[in-house]
Every structure is written in structure tokens, then in C-alpha cells.
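Structure at a glance
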Amino acid sequence: MSEDASENKGAADSLQSFQSMNINDGDQENNQKSDKQKIDILLKPTGNAPIMKKKKWTVEGDKPISWIAEFMKRYMKLEPQEKLFLYVNQTFAPSPDQIMKNLYDCYSTEGKLVLHYCKTPAWG
Amino acid sequence: MATAEVNWREEILTKLQKRNKIQTHCFQDLIAQHNKIFDNVNALKHENLQLSIQNEKLRVDGDRPAGGGGDSRLHEKIQILEQKLLSQQEELTELHRRKGENSQQIIDLNAKLQEKEKFLMARDISLAENAAKIASLQAEIALFDRNNKELNLLNEALRDEHQALHLAFTCLEDKMRKLQDENRQLLDRLMKYKTKDADRMNEENENFLNDGSKQLVRSTFGRFRKRFAKMQKEIEEACRDTRGVSPEDLQEGYGPVCQSTIPTKASVKFDAHDGEVNAVKWSPVDRLVATGGADRKVKLWEISKGACESKGMLVGSNAGVMAVDFDASGTMILGASNDYASRVWTVADQRLRVSFFVVMFESIGFVSNAAHHS
Amino acid sequence: MANDREILREVWEGKLPISFQLDPDEVVELQQPDPFYLMVPRLSYFPLVTDKVRKHFLRYVANDKQDREMWLEYDGQPMKWHYPIGVLYDLLITSDDQLPWNITVHFDKFPENQIYKFSNKETVESYFMACLKEADVLKHRGQIASNMQKKDHNQLWLGLQNDKFDQFWAVNRKLMEVSQEQEHFKYIPFKCYLDDGYRQKLIKPVDEDGRRKTLQDLINEMFPGKNVVIKTHGMIPPLETPLQWMSEHLSYPDNFLHLCVQT
């Protein structure tokens, strides 16, 4: 969020690496202690949200929630004006600038961060 | 532990108080004051703007002539209103005029209507009059018709009377003619007897002359001759005088002759009709008799050797048959009845041939017959 | 229990003098607008206090830009509206000599890549409530916040929005309660602000032996082997301050401790 141009570029790069990383799932254990920690997330649809074929993802720890949401919107081919809400613990919506590592550190269960997503606000 | 706690809490409190003193309290009043002044400035600016606008307005109004903007505006308004009033008044007068026109039209139309009604009434009256006239005329026509009918009846009655009289007259004439004929026959017979007498006398004379003296005979003869001639002359005169002989003459001179022709014994007697028998006639050719009776029938009878045989009944008359006659050939029969009509039947087939209404008939009888009689 | 009203009062009373100035490039009037001075509560958020500022500057900008969202900038940095004002000040201002705080106001060129849009106050409210819930998840497994009624949420929000200490704390008190058997929160809700964002971790208010953890323990857990200074509410709290007490008394209205880390 600090420098817009580099941020965008970085986002694109991260997406590629994010996807390529998913191909070799087993590597993430080894990368746990590296500079850029990888986070296992599990995406679960709620309400009228479309189901994503692939639920388990691995993502870099410094990615904010807004980045994940944008990626998911692109992945599910939602219209730009459509909204996507992400929830932690089925309780609260994390701040858009909250990074994955913080959420993982605070709210992960059994080594995975579970994020529920839907197209309308669910847990006030 | 307790003192330590007090220490860190006191430290925090002190730090917070210091913070608030430096960051907040130093500026709070200043900024509050500034905000107040700021608001004041804004309010004054606004007021100033308003005032300048008002001032400008007043100045513009002041520049206008004729005693102030307000007055002129009022004046304008009044003018506009006056104009409106004027136009409204014009409209009003226009409407009044139109109203007058309309009422005049209504009056005219009413008058016309009344006229028409009057006309209609007159028409009705004339119609009623005409109807009354027609009724009276029809009554008159009926009256005239009745009169006409009465007259016709009267006329017919008179005609009947006349006919009856006429028939009576012809009967009497016939009777007279028959008597004349009888008279002539009697005269003829008298002449014959006279001639015979004369012949017989001539014979006696001759015989006398032949037996006695001639001289004497001659003289007597001469005398007889003279007497004969004279008698002959008288007879011829009598004969010539047949028409002029009066019944009295006949009665006086020839009474015995008439008495001898009255039938005394009926050879045939039969009931020809129900009621009176008004007419009989012999056929000129056959031994046929035609009779006419009050039972409105003409009947034919054949008389022979003291017997009578009905030959037919001719019907068609509507009243009693008063007279019958045959034509010369005996083929047709004429019957006259009290219904003012005469009818002709043929003898052979006994059918009605002609039925005619004779008003001015002198007497019943076929022309040929009449000619024959005369 | 958050029963030290003296401290709570002092924390709540904290206000900052700010001088708002419109970006000179956006002024279309001949006259430059006067700066707008305002005392803003440290605990509040900028969208809740800048209505007057917006109104004041609106007539100096172009007509087609008046409907746009106003945004604030200090020293070339767009201000993150979702940070409490006090946090922003502690992060950006190093010396009180710079007071009053000069902030530049913009209507044009909203930096969408750096800050989020807040289309209305409801957006701020829902964000605030989400933070409150997250804090309660950490403190009480989310039991208290989710059992609260809508009117309590409203009272919290209106208390903050209208700067009403009693109104706010009447409800916030319940969120600061501890369960009977434990006498402390499950975890301490806090955010440690660094240059590139903030860090969160699960930190209990007591250690395995039941001893009360202090700010020093938190620093040790978060930044092992590093010498850091923690600043919050414009002051540097003593390292021996217990975490449970800090959380009860020095949390912002969103129930988080916002700790600025200075290395």
C-alpha cells in the first residue's frame, strides 16, 4: 500500500507466483521459515456465493485481504461492480489492509486460515 | 508491587496530562476563539454581502425617475392592473352586447313560433270546418239518394199504374176489334140472307109472272127491282159503316145476333193455376192453349176431344203473369207479368229466351200479330 | 475492570489542533481560502469530524469536483481514514513543535491505490464495528459483542461520533469485562504499527505461571532481540505496565491497543 505503481506490479507478480506455488503444494513446508512466509488458506463460500473449484490456496503472508478479494473476484469472473465480502471465524470482516500473516497468526486452525466469502454482507 | 503499580500508573497519568496540556489545552481556547471569530467573520461577510446587494438595489431604484423605485413599481403594478381591468371591462361589454343580441333573437324566434302556432291553429280550424262540410254534404247526398230512391219507387209505381191502364186499354180495344169483327161477320151473314131472300123473291116473281099477266108482272118486278137495289145499297153502306157502328146501334139493331155467340157449355174444364188465371191464348197453328196465372207461371195445354193435357210450364216471371201471346208461327210465347217485365219463351224447348223491361208498351202482342190483327 | 475513570477521561479528552488547508492547485477562486482550524478528538476518525472542513472549502473548488470525495494529505502521504486520528498523529508527527497539525485538503485525484474510499459514514461505522468484533473475538471469543443488541452498537457508535464519554463507556464497559474464573482477557487485542503496516499476534495477558504480562513481555514476544520504543496516545507508557490494564484503559474505541513502534 505504500507505493502504488510498484504495488500493482508486485500484485501481478505475486499472483503468478501464487498460482505457480499451488502447483507444487509440498514446497510450502520448507518455505515456512523463509523471509516471505507462505500461508495456507481455505476459501469457503457462504450464501449465494459461487463455489470455487479450488478451495485450498497458498499465499504470501504480506498480502492484504483486499488483494485476496480482488484475486478471487477475477478468479470467479465477477463483474467489477459486484462485491465480495470475506469473513474470519464467521464473525468479523477483516480490515482490507490486514495482511494474511496477521490473520494466520491470530485465527488459523490446524495450520490453515479459513476465510468465508459471500456476495452480500453476512456477519454484520 | 503496589508502589510499582502506582509508579507506572502515575507515570502514565502524568504523561497523558502533559500530553493534553501541550497538545490540547494550549490550543483549545485559541482554536475555539478562532472558530468563533471565523464564524463571526463568515456571518459578517454574509451580512455585508446582503447589505451590499441591498445597497445596490436601492441605488438602482434611486436612479429611477418619478419618486422612488417602490412608487414606480407600485405604479407599474397599478398600470398593469388597470390595463387588465380595461380589457376585462371590454370583455364585459362585449358579453353584454352578445347577451342583448341573443335575447332579441329569442324574442324574434318566440314571435315566429307564435305565428306558426296561429297558422297551425287556423289550419286545424279550416280542417275541422272542411270535415264538417264533408259530413253535411255526405248527409245531403244520403238525403238525395233517399229522395231519389223514393222518386224511383214513385216513378215505378206510376209506371205500373200506367202499364196497367195501358193493358186495360189494349184489352178494351181488342174487345172492340173483336166486336167489330163479329159485327162484320154478322153483316156478311145478313147480306147473304138478304141475297137469298132476294133470290127467293125473284123466283116467286118469275113464277107469278109466268102464271098471271105479264104486264102486271113487269110492273111488280120493276118495283121489286127497285126495292132490291135499294136494299143492296143499304147493306153496302152498312158494311162500309162497320167502324162507325156503336154498341148501342148493335144492341138496338143486331141484339139477337150477339146473343147467339155466347158459349153456354164448357167442353173442357181444368185447374190451370194456383190462384187467378189472368190470360189465355190459342196457338195459331196447333191446338195449344197458353195460360198465365197469378202464380207467376205460363202454362201450355193441348186441348183435344174434351180432354186437356199439360204441355209445359214456363217459369221466370217474378210476379203474376197478366198476359200471354204467341207469335204468328206459333213457335214463341210472350208473357207479361206484374214485375214490369215481359219475357219470351220458345214453345218447342220451353226455355226463356228474352227478358225485357218494357216501360212504354202499348199492349202485349207480337208486332206481326198486331199487324195481322189490324 | 476498566474502572480507572481518571485515566480513561484523560485518554478521552485528548484532542489535536489541526489546520486544514486546501491544496492551492485546486483553488479556482481569486482569493485563497483561509485555513480552517479545528480541535479533533484523538480517538475519532477523520470522516467523522471533517464535515465543516468540507463545507468551508467546497466553494473554492471547481463545480465538477464538488461532488467528489474529499481526502487529506500530510507531507505527501494520503491519510488513512480508517486509522484513528491519534494513531495517525503518533505515526506521522515526531515532535509537538509542529502543532497545529497542517493537513492539506484535496477534492481531486483521489489516490485509490493507497487509501480506501469511504462513500459515507455507514462505511466507517461498519469498519469500526468489524474492528470491535475482532477485538472481542480475541478477548472473549466474540461472545459479548455478538450477544449485544443493535441499540448497544448504535450507542457505542453515537458516543464516539458525538464525543460523548459517558454514553460510550456505558456500553463499552461490558466489552472490557473479564470472565469470572479467569480475571483477564483470553488474548490482548493490539496492533503494532511499523513503517509498512501493522502486526498482530496472539498474546495472552498472563504467562503459564499466571503472572501478569507487561508491555516489556509484549515487546519481547513481538520483536525478540530488538530495542524498540512503543508509543501510544502521544506518550511512551512504562514497560512495566501490565498488558491487561493497558488493554482495559489505553485501548482505542475499537478496543484495540494501537502501538506505534519506534526503532
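Residues numbered from 1 in each chain as written. Chains lettered and ligands numbered in written order. Predicted model: local features only at pLDDT ≥ 70, side-chain atom pairs only at ≥ 80, totals over all residues.

As annotated in an unreviewed UniProt entry, chain C is Autophagy protein 5 from Tribolium castaneum. The UniProt entry for chain C carries the following comment under Sequence similarities (unreviewed entry): "Belongs to the ATG5 family." (UniProt positions renumbered as here; feature names shortened; annotations may be inferred.)

In the nomenclature of an unreviewed UniProt entry, chain B corresponds to Autophagy-related protein 16-1-like Protein from the organism Tribolium castaneum. You can read under Sequence similarities (unreviewed entry) in the UniProt record for chain B the words "Belongs to the WD repeat ATG16 family."

**Some points on the packing of helix α7 (residues 150-161) of chain C against helix α8 (residues 165-175) of chain C**
All names here are of chain C. Their axes nearest at 7 Å, the elements α7 and α8 cross at an angle of 140 degrees. In terms of their interaxial angle, α7 and α8 are classed as oblique. Judged by the sense of rotation from one axis to the other, the crossing of α7 with α8 is left-handed. Residue-level inspection shows D152, Q155, L156, L158, G159 and L160 of α7 in contact with α8, the latter providing Q167, F168, A170, V171 and N172. Class assignment for the residues of the contact of α7 with α8 results in six nonpolar, four polar and one charged. (Axes fitted to C-alpha atoms, helices over the stretch in contact; angles between N-to-C directions. Helix = DSSP H or I, 4+ residues; strand = E, 2+ residues; numbered from the N terminus. Parallel < 35°, antiparallel > 145°, perpendicular 65-115°, else oblique. Left-handed = near helix turned anticlockwise from the far one by under 90°. Contact = placed C-beta atoms within 7 Å. Nonpolar A, V, L, I, M, F, W, Y, C, P; charged D, E, K, R; others polar.)

**As for the sheet that holds strand β7 (residues 341-346) of chain B**
Residues and elements named next belong to chain B. Taken in spatial order, the four strands line up as β5-β6-β7-β8 in an open sheet, and their pairing is antiparallel. Each edge of the open sheet carries a strand with a single partner, namely β5 (321-326) and β8 (352-357). Across the sheet, the mean angle from the axis of one strand to that of its neighbour is 20 degrees, orientation sign disregarded. In this sheet, β8 lies alongside β7 in antiparallel orientation, the contact comprising five bridges. Bridging across to β8, V344 finds its partner in V354. (Pairing = 2+ DSSP bridges.)

**Here's the deal with the nonpolar core**
Grouped together as the largest cluster of nonpolar side chains are 93 residues, with contacts concentrated most on L113 of chain A together with L38 and V105 of chain C. Top contributing element to this core by residue count: helix α5 (residues 121-140) of chain C, with nine residues. The residues contacting L113 of chain A, other than those within four sequence positions of it, are I39, D40, I41, M100, L103, Y104, Y107 and S108 of chain A. (Core = buried A, V, L, I, M, F, W, Y, C linked by C-beta atoms within 7 Å. Buried ≥ 20, exposed ≤ 12 C-beta atoms within 10 Å, placed from the backbone.)

**Digging into the pairing of strand β2 (residues 288-293) of chain B**
All names here are of chain B. Note: strand β1 (residues 277-282) against β2, five bridges, orientation antiparallel. Paired with W282 across the bridge in β2 is V289. The turn linking β1 back onto β2 is made up of five residues. Bridge count for β2 against strand β3 (residues 298-304) is five bridges, and the pairing is antiparallel. If you follow G292 over to β3, its bridge partner there is V298. Between β2 and β3, which follow one another and run antiparallel, lie four residues, and R296 among them has a positive phi close to 65 degrees.

**With respect to the interface of chain B and chain C**
Taken together, the contacts link 18 residues of chain B with 22 residues of chain C. Here the side of chain B that touches chain C is composed, by residue class, of eight nonpolar, seven polar and three charged.

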